[in-house]
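# Working through the structure, step by step
Listed below are the residues making up each chain.
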Amino acid sequence: MIYIKDASQNPNWDEMSRGGTILGGGTSLQVRTGDWRIMIPGWVEEKCKQCFLCFPVCADSAIPIENEKRTDFDFKHCKGCGVCYKVCPFGAITFEKEGK
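Attention here is on the structure that accompanies the text.

Let us look at the pattern of salt bridges. Throughout the structure, instances matching the rule amount to two salt bridges. In this structure, arginine 37 and glutamate 98 form a salt bridge, with 3.1 Å as the shortest nitrogen-oxygen distance. A residue pair is termed long-range when its members are at least 10 positions apart, and arginine 37 in the segment before strand E1 (39-43) and glutamate 98 in the segment after strand E4 (93-97) qualify at 61 residues. Accessibility expressed as a relative area gives 11% for arginine 37, which makes it buried.

What follows is the structure, encoded as structure tokens:
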């Protein structure tokens, strides 16, 4: 739905879809949710033991695994929640304010 600056042309509340409604399956890759981020994780490859503890807790599926190895973050989709940072027992994930 596109909203126009002239509020008289925007839909009424009862014409809009409900919040959280998925309008089409498999469309999450089209939305760059990483633009919402304030904090950003970093990956220290030398400290990473490939334990994969970070992978299942990532709500955004922003931790890619290629050839059975964890790789750097998918920053187009990482929202910077910090859960991966909290579960990493090896200090292989840093977490700081973006743009620092």
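This is not the end of the story, as more comes after the structure.
The phi dihedral of phenylalanine 52 falls on the positive side, at around 65°, and the residue is not glycine. Position of phenylalanine 52 among the secondary structure elements: in the loop between E1 and strand E2 (65-66). With a phi close to 50°, serine 61 is a non-glycine residue in the positive phi region. Residue classification places serine 61 among the exposed positions, given a relative accessible area of 60%.

Calculation notes
Residues numbered from 1 in each chain as written. Predicted model: local features only at pLDDT ≥ 70, side-chain atom pairs only at ≥ 80, totals over all residues. Heavy atoms only, no water. Salt bridge = Lys/Arg side-chain N within 4 Å of Asp/Glu carboxyl O. Helix = DSSP H or I, 4+ residues; strand = E, 2+ residues; numbered from the N terminus. Buried < 20%, exposed > 50% of the residue type's maximum accessible area, 1.4 Å probe, protein only.

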